[in-house]
Amino acid sequence: MNPQRRANTFRDMPQQPRPKATHASTSRLQKTGRWQQARGFIRQRPLLERAYWFCIKAFLWLFFGSIGYVIVLKYVPVWVTPLVVSRWFDTVGTDEPGRVYKKWRPYDEISKEAALAVVSSEDQAFPTHWGFDFDEIQDAIKENQHRKRPRGASTISQQVAKNVFLWNGRSYIRKGLEVYFTVLIELIWGKKRILEVYLNVAETGPMTFGVEAASQRFYGHSAATLSRNEAARIAAVLPNPRQLSIQKPSNYVQRRTRQIARQMRYLGGQKYIRNL
């Protein structure tokens, strides 16, 4: 007798129902379909396709170019900033003198009292934050709900980013670029270089930029020999250097100078910024 044939188990097995498409997979399929439709729409219009690829290439050039520029400025002195150019243009066609006072000095040739003064005045969390002081931002948001004149919460890193790389004005695009460049300089430059650039590009008086130019113009000596009170007075005018004067300090500037000098002592002196 012939052995009994074995049943075809694969044929006889009941077929399992196909799993239903989930909402997530359906959404992905819809997005893929829309993207393919958009690509097809662009390809059918040569002019639109050329504009599309031009935008892509421009974005890549700007992206990698900005990174390269930040890397270069880590080692090269920042001689000119958009703010310097803007201030110079403001004097064209007016009776105001157009001479720019600016002189670059390496960090090691600037009195550490100046570095400590600007940190004490502008950004006391500078040695520890990563470009943004979120506690200060939250406090500013709460205070600005009841203030006629908004209070800023920009760190030294943010101020360097907008002074060195961006134009004057207020817009969401500029703020977004400020965040982008702040992250870049924090990652690429480091704290010491950021503070060095700030001390050299910050506006310290009419047509005056940097603590070296301010020290020579208003005190008659180099920034290497700035005393604590002299450095504190320079820091005191930073919020509005075109209205507040180092050479002829108002009562507000004198009071603010004393406050900054006390804060410098409270932070522990120069050792507070020693390990940047």
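Here the structure is shown first, and the text comes after it.
Residues numbered from 1 in each chain as written. Predicted model: local features only at pLDDT ≥ 70, side-chain atom pairs only at ≥ 80, totals over all residues. Heavy atoms only, no water.

A. Representation of the nonpolar core within the structure. One finds Val 160, Phe 165, Trp 189 and Leu 195 to be the most contacted residues of the largest nonpolar core, which totals 51 residues. Elements represented by at least two residues in this core include exactly helix H3 (46–73), helix H5 (112–122), helix H7 (156–165), helix H8 (172–188), helix H9 (191–201), helix H10 (211–219), helix H11 (228–236) and helix H12 (251–266). Contact partners of Val 160, with chain neighbours within four places excluded, come to Phe 165, Ile 185, Trp 189, Ile 194, Val 197 and Tyr 198. (Core = buried A, V, L, I, M, F, W, Y, C linked by side-chain atoms within 4.5 Å. Buried < 20%, exposed > 50% of the residue type's maximum accessible area, 1.4 Å probe, protein only. Helix = DSSP H or I, 4+ residues; strand = E, 2+ residues; numbered from the N terminus. Contact = heavy atoms within 4.5 Å.)

B. Just H9, in detail. Burial of H9 is extensive: ten of the eleven residues sit out of reach of the surface. Taken together, the buried positions of H9 are Lys 191, Arg 193, Ile 194, Leu 195, Glu 196, Val 197, Tyr 198, Leu 199, Asn 200 and Val 201.

C. Molecular detail of the packing of H11 against H12. Axis separation between H11 and H12 bottoms out at 8 Å; the angle between their running directions is 120°. In this view, H11 runs oblique relative to H12, as classed from their interaxial angle. By crossing handedness, the relation of H11 to H12 is classed as right-handed. Along the contact surface, H11 presents Arg 228, Asn 229, Ala 232, Arg 233, Ala 235 and Ala 236, while H12 presents Val 253, Arg 256, Thr 257, Ile 260, Ala 261, Met 264 and Arg 265. Looking at side-chain class alone, the contact of H11 with H12 contains seven nonpolar, two polar and four charged residues. (Axes fitted to C-alpha atoms, helices over the stretch in contact; angles between N-to-C directions. Parallel < 35°, antiparallel > 145°, perpendicular 65-115°, else oblique. Left-handed = near helix turned anticlockwise from the far one by under 90°. Nonpolar A, V, L, I, M, F, W, Y, C, P; charged D, E, K, R; others polar.)

D. Quick peek at the sheet that holds strand S3 (residues 208–209). Pairing in this open sheet of three strands is mixed, and the strands run S1-S3-S2 from one edge to the other. Two strands in the sheet have a free side with no partner beyond their single neighbour: strand S1 (101–102) and strand S2 (203–205). Pairing analysis gives two bridges linking S2 to S3, with the strands arranged antiparallel. Counted as the bridge partner of Glu 203 is Phe 209 from S3. (Pairing = 2+ DSSP bridges.)

E. Representation of a positive patch on the surface. A surface patch of positive charge is lined by Arg 255, Arg 258, Arg 262 and Arg 265. Mapped onto the fold, Arg 258 is located in helix H12. With a relative accessible area of 47%, Arg 258 lands in the partly exposed category. (Patch = residues over 30% accessible without salt bridge, like charges linked within 9 Å, V, L, I, M, F, W, Y side chains within 5 Å. Areas by Shrake-Rupley, 256 points an atom, 1.4 Å probe, with all protein chains shown as cover. Salt bridge = Lys/Arg side-chain N within 4 Å of Asp/Glu carboxyl O. Lys, Arg positive; Asp, Glu negative; His and termini not counted. Charge placed at Lys NZ, Arg CZ, Asp CG, Glu CD.)

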